[in-house]
Amino acid sequence: MTTAAPLGEIGRPLDDRASLGRTVREFLAARAEPPVLLALGEPVHGVEAFPSLRNDLLGELVERGYRSIVLETDAFAAAVVDDYVCGGAAELDTVLATGFSHGFGALPGNRELVEWLRAHNAGRAPRDRVRFHGFDAPVEFSGAPSPRHALLSALGFLPAALRPGSPGSPGSPGTARDLDALVGEEAAWTNPSAMYEPEASIGDSAGARALRVVADDLVSVLRRAAPVLRPADPDAYDHAVAHARTARGLLRYHAAMADTGSDRIGALLSLRAEMMADNLLAIVERERPRGPSLVFAHNVHLRRTRSDMPIDGGDTSWCSAGALVGLELGERYVFVATDAVSGAEPGTLQHVLAEPTTRRALFPAAGLRAALPASTGVSHPIARGHLPLTPAELTGADAVIAVADTDGSQHRYWEGP
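Residues numbered from 1 in each chain as written. Predicted model: local features only at pLDDT ≥ 70, side-chain atom pairs only at ≥ 80, totals over all residues. Heavy atoms only, no water.

Looking at the layout of surface pockets
Where empty space is left becomes clear once a probe the size of a water molecule has been rolled over the atoms.
Next, step 1: Here the largest pocket defines a volume of roughly 1,100 Å³.
Next, step 2: What lines the largest pocket is a set of 30 residues, and nearest its centre among them are F141, L269, R272, M309 and I311.
Next, step 3: Residue assignment for the lining of the largest pocket shows that the elements contributing at least two residues are α13 (264–287) and β6 (306–311).
Next, step 4: Looking at the lining of the largest pocket residue by residue, the classes come out as 17 nonpolar, seven polar and six charged.
Next, step 5: As for the second largest pocket, its lining consists of 28 residues, of which D238, H239, A242, R245 and A282 are closest to the centre. (1 Å grid on protein atoms, 1.4 Å probe; cavity = no way out; pocket = protein on both sides within 12 Å on 5 of 7 lines; lining within 4 Å. Points joined across faces, edges and corners; volume = space filled by probe spheres on them. Helix = DSSP H or I, 4+ residues; strand = E, 2+ residues; numbered from the N terminus. Nonpolar A, V, L, I, M, F, W, Y, C, P; charged D, E, K, R; others polar.)

Have a look at this one:
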């Protein structure tokens, strides 16, 4: 017996606007609780079919009350995009170049998304606009920035009576002058060799260790003063808290870069995931009065279980942002993984999914797991960075969308203009 018949029965098509709307409606109606975060993963960056699916899905979700989209891009840089889609006067090319990290502004699907958001929001009241957020930490594969900007931004928000070093201030994480002296030269923090050579990292220096105490104290001061500070200006307060939290995360990240332990890369990925999760939970709280959010990132960042990635000839494992957020939100967090299925080898998960799929189809993960033969394998990658879904990874998803209408052609966004 083949698996095509049962999968044909449990799969739901997403081939056009009508079938997409019907499938989304049925999928959400079957949930025990309405999600506050609906996470859509992609198995690889730069393949047009996945951002295209995201854009189509967003249009349907907005009609059902979703009022924000959250991407795998720097949380602070994303403010440039959000301002533009809410009517800001910047040039689109500038927004794409400065509002996305990792070079993602060069992806055609992101240009289309930003254009759609601006057109949709035009003339709408702030409560009804679809906002744009990033949830990534300000780190790249080449390294991480210094904590200077984040620390000074958080410190600068505090009123004089609460600023570190002021008479009677609760706690004393340091003055602006102290911070600047402790941070020192930017080049010491951004040295690209530090990503691969622990001895090149500043993260375990006396100054870096002192700054970690400063950052932790800043987070504490802001939290303790929240009943006074937040009601006066919620947006400014939340921005300061985000900077303090980011400074603390960056300093932990730099400390991990200086670590010579065998799981150094796993620790870095885990710390990035922690910062991602904190940002997602902050977005949930901020958007709660307006509606749920659609989140879009690589599958490895969103699944509910531990993530694995082949790095330097071995597998590195860590708890993803999705695993952390799912633990906090429970049924209110929903993860839908995607994968490409065209040209897959027989006997693989991707081939099984391809059989009943014409263009795109959604399969509930529980039904899919039950229908798979125990011998099901995994197909080959279709592009650089593609991590095909494995049967074991289905336990970390609520559903899977099979995408048949792509040949794996990849936009080489990392090369720049």
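Brief notes about the sheet that holds strand β1 (residues 12–13)
Next, step 1: The eight strands lie next to each other as β1-β9-β10-β8-β2-β5-β3-β4, forming an open sheet whose pairing is mixed. On the outer flanks of this sheet lie β1 and β4 (131–136), each paired with one strand and no other.
Next, step 2: Pairing analysis gives six bridges linking strand β2 (residues 37–42) to strand β5 (residues 293–298), with the strands arranged parallel. Across the sheet, residue L40 finds its bridge partner in β5, namely F296. (Pairing = 2+ DSSP bridges.)

Observations concerning helix α6 (residues 108–121)
Next, step 1: Compared with the 20 Å implied by 1.5 Å per residue over 14 residues, the 20 Å span of α6 between its first and last C-alpha is a close match.
Next, step 2: When we look at burial in α6, the residues that qualify are G109, N110, L113, V114, L117, H120 and N121. Projection of α6 onto a plane perpendicular to its axis shows the buried side chains occupying an angular sector of 135 degrees, all on one side.
Next, step 3: Immediately beyond the C-terminal end of α6, within one or two residues, lies G123, with a positive phi of roughly 80 degrees. (Expected span 1.5 Å × (residues − 1). Buried < 20%, exposed > 50% of the residue type's maximum accessible area, 1.4 Å probe, protein only. Arc of directions from axis to C-beta.)

Quick look at helix α15 (residues 321–329)
Next, step 1: Among all positions of α15, only A321, G322, A323, V325, G326 and L329 are buried.
Next, step 2: Immediately beyond the C-terminal end of α15, within one or two residues, lies G330, with a positive phi of roughly 60 degrees.

Topic: the packing of aromatic side chains
Next, step 1: Going through the model one piece at a time under the given rule, you end up with four aromatic pairs.
Next, step 2: Ring geometry for F104 and Y413: centres 5.2 Å apart, planes at 65 degrees, overall edge-to-face. Of the two residues, F104 sits in the loop between α5 (92–98) and α6 while Y413 sits in the segment after β10 (399–403), which places them 309 residues apart along the sequence. Of the two residues, F104 and Y413, both sit in the buried class.
Next, step 3: With a centroid separation of 6.1 Å and an interplanar angle of 65 degrees, the aromatic rings of F157 and Y237 are classed as edge-to-face. You can see F157 sitting in helix α7 (residues 148–157) and its partner Y237 sitting in helix α12 (residues 234–257), a full 80 residues away along the chain.
Next, step 4: Relative accessible area serves as the criterion here: at 7%, Y237 is assigned to the buried category. (Phe/Tyr/Trp six-rings, centres within 6.5 Å; stacked < 30°, edge-to-face > 60°.)

Quick word on the side chain of S201
Next, step 1: Turning to its location among the elements, S201 is positioned in the loop between α9 (186–190) and α10 (206–224).
Next, step 2: A polar contact is formed between the side chain of S201 and the backbone nitrogen of G203, at a distance of 3.0 Å.
Next, step 3: Among all residues touching S201, those that are not within four sequence positions of it are A194, H254, M257 and A258. (Polar contact = N/O pair within 3.5 Å; in protein donor to acceptor, adjacent residues only side chain to side chain. Contact = heavy atoms within 4.5 Å.)

So, the packing of α7 against helix α8 (residues 176–183)
Next, step 1: Contact geometry for α7 and α8: axes closest at 10 Å, N-to-C directions at 175 degrees. It follows from the interaxial angle that α7 and α8 lie roughly antiparallel. Contact residues: R148, L151, L152 and L155 in α7; A176, L179, D180 and V183 in α8.
Next, step 2: Its residues placed into classes, the contact of α7 with α8 shows six nonpolar, no polar and two charged. (Axes fitted to C-alpha atoms, helices over the stretch in contact; angles between N-to-C directions. Parallel < 35°, antiparallel > 145°, perpendicular 65-115°, else oblique.)

Structural notes on the packing of α7 against α12
Next, step 1: α12 packs onto α7 with a crossing angle of 145 degrees between their chain directions and a minimal axis gap of 8 Å. Relative to α12, the crossing made by α7 is left-handed. Listed contacts from α12 to H149, A150, L151, S153, A154 and F157 of α7 are A236, Y237, A240, H243, A244 and A247.
Next, step 2: Class assignment for the residues of the contact of α7 with α12 results in nine nonpolar, three polar and no charged. (Left-handed = near helix turned anticlockwise from the far one by under 90°.)

Structural notes on the nonpolar core
Next, step 1: With 45 residues, the main nonpolar core has L38, F132 and V336 as its most contacted residues.
Next, step 2: Those residues within four positions of F132 in sequence are excluded, and the remaining contacts are I69, L71, T73, A78, V81, D82, V85, F100, L113 and L117.
Next, step 3: Core analysis: the next-biggest nonpolar cluster, separate from the first, contains 33 residues, V70, A337, L368 and A397 among them. (Core = buried A, V, L, I, M, F, W, Y, C linked by side-chain atoms within 4.5 Å.)

Some details on the confidence of the model for the protein chain
Next, step 1: The predicted model of the protein chain averages 92 in pLDDT, with 95% of residues at 70 or higher.
Next, step 2: In this model residues 1–5 is a low-confidence stretch, pLDDT under 50, and it forms six contacts with partners more than four residues away in sequence or in other chains.
Next, step 3: Counting contacts from residues 167–173, a segment whose pLDDT is below 50, to residues more than four positions away or on other chains yields 13 contacts. (pLDDT = per-residue confidence, 0-100.)

Brief notes about the side chain of S68
Next, step 1: Tracing the chain through its elements places S68 in strand β3 (residues 68–74).
Next, step 2: Discounting chain neighbours no more than four positions away, the residues touching S68 are V130, R131, H133, E287, R290, P292, S293 and L294.

Digging into the pattern of salt bridges
Next, step 1: Counted according to the given criterion, the structure contains 23 salt bridges.
Next, step 2: A salt bridge links R252 to E274, with the shortest nitrogen-to-oxygen separation between them at 3.7 Å. You can see R252 sitting in helix α12 and its partner E274 sitting in helix α13, a full 22 residues away along the chain.
Next, step 3: For R252, a relative accessible area of 27% corresponds to the partly exposed category.
Next, step 4: Residue E274 is classed as partly exposed on the basis of its relative accessible area, which comes to 31%.
Next, step 5: Notably, a salt bridge pairs R290 with E287, separated by 2.8 Å at the nearest N-O pair.
Next, step 6: The network of salt bridges with common partners includes R17, E60, E63 and R64. (Salt bridge = Lys/Arg side-chain N within 4 Å of Asp/Glu carboxyl O.)

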